[in-house]
Amino acid sequence: MSGNNRLVTQVGRLTLPNPVICGSGEPVMTEAGIRAALAAGAAGVIARSVNERPEAARQLDLADYITLDLEGARSLFNRSGLIGRDTADWFGAIAAIDREAAAAGRFVAASIVFAGVEGAVEIAGMARAAGLRVFELNVGAPHASEASPGAISQETDPARPRELVARVKAAAGDMALWVKLTGLSSNLPALALAAREGGADAVCMMGRFMAMMPDLETFAPVLGTSAAYGGNWALPIVCRFLALSRRAVGADFPLMGTNGVRSGLDVARMALSGASAVEVLSIVMHEGFGAIARMIAELDAFLAARDISFAGLVGRTADRLAGYGAQSVLPGRWREFVPRETLG
Ligand SMILES: Cc1cc2nc3c(=O)[nH]c(=O)nc-3n(C[C@H](O)[C@H](O)[C@H](O)COP(=O)(O)O)c2cc1C
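The model shown is predicted, which means the values in this text are computed figures rather than measured ones. (Residues numbered from 1 in each chain as written. Predicted model: local features only at pLDDT ≥ 70, side-chain atom pairs only at ≥ 80, totals over all residues. Heavy atoms only, no water.)

**Quick notes on the overall build of the chain**
Reasoning step 1: Looking only at helices and strands, the chain has 11 helices and 14 strands in total.
Reasoning step 2: The globule rule puts the C-alpha radius of gyration for 344 residues at 20 Å, and the 20 Å found for the chain is close to it.
Reasoning step 3: Relative to its full complement of 344 residues, the chain shows a buried share of 53%.
Reasoning step 4: Considering only contacts in the chain between residues 6 or more positions apart, those separated by 24 or more positions represent 72%.
Reasoning step 5: Counting only carbon and sulfur atoms, one obtains 55% of the accessible surface of the chain, whose full area is about 14,800 Å².
Reasoning step 6: Side-chain charges in the chain split into 32 positive and 34 negative, and the spacing between the mean points of these groups amounts to 6 Å. (Helix = DSSP H or I, 4+ residues; strand = E, 2+ residues; numbered from the N terminus. Rg over C-alpha atoms; globule rule 2.2 N^0.38 Å. Buried < 20%, exposed > 50% of the residue type's maximum accessible area, 1.4 Å probe, protein only. Contact = heavy atoms within 4.5 Å. Areas by Shrake-Rupley, 256 points an atom, 1.4 Å probe, with all protein chains shown as cover. Lys, Arg positive; Asp, Glu negative; His and termini not counted. Charge placed at Lys NZ, Arg CZ, Asp CG, Glu CD.)

See below:
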């Protein structure tokens, strides 16, 4: 398998040169940031999200960030806002970069953090008018419970996304519609199925979690509030939901993984669980855009060593996931995992 073809992946109708997409967030809130992600080799960029509510943009000035270092693992803990720029102006700017990216088989997507159906429909129409090819609808931003009322909505009930996605799909026209799901639900497979039934072209999972961290010096909450929290520790949780969702939506429907990818091997883990691509962000905030090039090189080396293609990884582990009842019995195994005193 030649180096050029090994990393190619397919997300619906879109063929990408590799599976590493730079996810939405502050690093891609400017044209310069988007170009830097593409220059680092990202197959695409989900440009910083917008929504129709001014409160969500104003929240940006209240944003704050800290890196928590628990047991040596870096995890970003933050509250965030949305881009303050005029939506038509922002979409015009990213569409111009998307046209350049298309020539290299890459893309720049518009993204909306969902607040309400009418706003989502209107903004999808604006992205389409700007000539964008991919529209990501985030229905699960973690900040919903803390942001100003109405600024961000979170869909955890599978009954609603089908209708919402269908409405946005109608407005999206020829644009590929990707739906990004929440991390704050255990209903991911049902939500993914609802998104598929509503007409989504792909589903990305899962958003970060909400958390609160006591400061042991001041006894106050770190940053003063609850905040969104993700990390490499989240990866196995996402992998399980990818595998269960693949079962629910079928192997032919593209899934994407986000939350916890820090290396090329993590990209492989998400792919084995069913992801055709990944959206990475925190690692770019920790390490810079060079992290994207590093992860692509690591993934390529992993595939080359096994002489397999990325496409050949997708879903392989998911399709072998068994239930507890199907395991062989291991009498007394628990004894190896308790302190000596327990055994008397
Ligand atoms: C500071 C920050 C800002 C983010 N902003 C957005 C956003 O505007 N829209 C969105 O859909 N996701 C946003 N996300 C989520 C990321 O795109 C990504 O899905 C998530 O951080 C999990 O992936 P990671 O572990 O690689 O960071 C943001 C995440 C962080 C850390």
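**Section: the site of the ligand**
Reasoning step 1: As a structural note, the neighbourhood of the ligand is formed by 24 residues, with Ser24, Arg48, Ser49, Asn138 and Ser282 the closest of them.
Reasoning step 2: Between the ligand and Asn138, the relevant distance is 2.8 Å, taken from an oxygen atom to a side-chain nitrogen or oxygen of the residue.
Reasoning step 3: The separation between an oxygen atom of the ligand and a polar side-chain atom of Arg262 is 3.0 Å.
Reasoning step 4: Protein burial of the ligand: of its 600 Å² of free accessible surface, 95% is covered by the chains.
Reasoning step 5: Mapping the ligand onto the cavity grids shows that it belongs to the largest cavity.
Reasoning step 6: When residues of the shell around the ligand are traced back to their parent elements, those giving at least two are strand 6 (73–79), strand 14 (275–280) and helix 10 (282–287).
Reasoning step 7: Residue composition of the shell around the ligand, by class: seven nonpolar, 11 polar and six charged. (Near = heavy atom within 4 Å. Polar contact = N/O pair within 3.5 Å; in protein donor to acceptor, adjacent residues only side chain to side chain. 1 Å grid on protein atoms, 1.4 Å probe; cavity = no way out; pocket = protein on both sides within 12 Å on 5 of 7 lines; lining within 4 Å. Sits in = over half its atoms within 2 Å of the grid points. Nonpolar A, V, L, I, M, F, W, Y, C, P; charged D, E, K, R; others polar.)

**What to know about the sheet that holds strand 6**
Reasoning step 1: Here four strands make up an open sheet; going across it, the order is 5-6-12-11 and the pairing antiparallel. Whereas interior strands pair on both sides, the edge strands pair on one side only; in this sheet they are strand 5 (64–70) and strand 11 (209–211). With strand direction ignored, the average angle separating the axes of adjacent strands in the sheet is 35°.
Reasoning step 2: For strand 6 and strand 12 (residues 227–229), the ladder comprises two bridges, and the chain directions are antiparallel. Pairing of Asn78 across the sheet is with Ala228, part of strand 12. (Pairing = 2+ DSSP bridges. Axes fitted to C-alpha atoms, helices over the stretch in contact; angles between N-to-C directions.)

**Side note on empty space enclosed by the protein**
Reasoning step 1: This structure, assessed with the given rule, holds one cavity of 30 Å³ or more.
Reasoning step 2: The volume enclosed by the largest cavity comes to roughly 550 Å³.
Reasoning step 3: In terms of lining, the largest cavity is formed by 36 residues, of which the most central are Ser24, Gly25, Lys180, Arg208 and Leu281.
Reasoning step 4: Elements represented by at least two residues in the lining of the largest cavity include exactly strand 6, strand 7 (107–113), strand 8 (134–138), strand 14 and helix 10.
Reasoning step 5: Across the lining of the largest cavity, the residue classes tally to 12 nonpolar, 17 polar and seven charged. (Points joined across faces, edges and corners; volume = space filled by probe spheres on them.)

**Structural notes on the environment of Gly140**
Reasoning step 1: Position of Gly140 relative to the elements: it lies in the loop between strand 8 and helix 6 (159–172).
Reasoning step 2: Gly140 gets classed as buried once you look at its relative accessible area, which sits at 1%.
Reasoning step 3: Beyond its immediate sequence surroundings of up to four residues, Gly140 is in contact with Gln154, Lys180, Leu181 and Thr182.

**So, the packing of helix 5 (residues 117–130) against helix 6**
Reasoning step 1: In the contact formed by helix 5 and helix 6, the axes pass within 8 Å of each other and the chain directions differ by 25°. Classed by the angle they form, the pair helix 5 and helix 6 counts as roughly parallel. Crossing geometry of helix 5 relative to helix 6 is assigned as right-handed. For the pair helix 5 and helix 6, the contacting residues are Val117, Glu118, Ala120, Val121, Ala124, Gly125 and Arg128 in the first and Leu164, Arg167, Val168, Ala170, Ala171 and Ala172 in the second.
Reasoning step 2: The residue inventory of the contact of helix 5 with helix 6, partitioned by class, reads nine nonpolar, one polar and three charged. (Parallel < 35°, antiparallel > 145°, perpendicular 65-115°, else oblique. Left-handed = near helix turned anticlockwise from the far one by under 90°.)

**Topic: the nonpolar core**
Reasoning step 1: Judged by nonpolar contacts, the single largest core of 79 residues is most densely connected at Ile34, Phe91, Phe135, Leu137, Val179, Met205 and Ile292.
Reasoning step 2: Of the residues forming this core, the biggest block, seven residues, is contributed by helix 11 (residues 290–306).
Reasoning step 3: Contact partners of Ile34, with chain neighbours within four places excluded, come to Val28, Val45, Ala47, Trp90, Ile94, Ile97 and Val108.
Reasoning step 4: Formed by 15 residues, the second largest nonpolar core is a distinct cluster that contains Ile21, Ala43, Ala109 and Ala277. (Core = buried A, V, L, I, M, F, W, Y, C linked by side-chain atoms within 4.5 Å.)

**Comments concerning the pairing of strand 8**
Reasoning step 1: With five of five residues buried, strand 8 lies mostly within the body of the structure.
Reasoning step 2: Where burial is concerned, the two faces of strand 8 agree: the one with Val134, Glu136 and Asn138 and the one with Phe135 and Leu137 are both buried.
Reasoning step 3: Of the strand pairs in this sheet, strand 7 and strand 8 are connected by four bridges, and their pairing is parallel. In the strand pairing of strand 8, Ile112 is matched with Leu137.
Reasoning step 4: In this view, the connection linking strand 7 to its parallel neighbour strand 8 by way of helix 5 has right-handed handedness.
Reasoning step 5: Where strand 8 and strand 9 (residues 176–180) come together, five bridges link them in parallel fashion. Looking at strand 9, one finds that Glu136 is bridged to Trp178. (Right-handed = clockwise from strand over helix to strand, strands pointing away.)

**Thoughts on the pattern of salt bridges**
Reasoning step 1: Going through the model one piece at a time under the given rule, you end up with 17 salt bridges.
Reasoning step 2: The salt bridge involving Asp89 is made with Arg85; its shortest N-O contact spans 3.0 Å.
Reasoning step 3: A salt bridge links Asp319 to Arg246; the shortest N-O distance between them is 2.9 Å. Here Asp319 is found in the segment after helix 11, whereas its partner Arg246 is found in helix 8 (residues 235–249), with 73 residues between them in sequence.
Reasoning step 4: By relative accessible area, which is 11% here, Arg246 ends up buried.
Reasoning step 5: Residues joined by salt bridges that share partners form a network here, namely Glu31, Arg85 and Asp89. (Salt bridge = Lys/Arg side-chain N within 4 Å of Asp/Glu carboxyl O.)

Keep in mind these values describe shape, not function.
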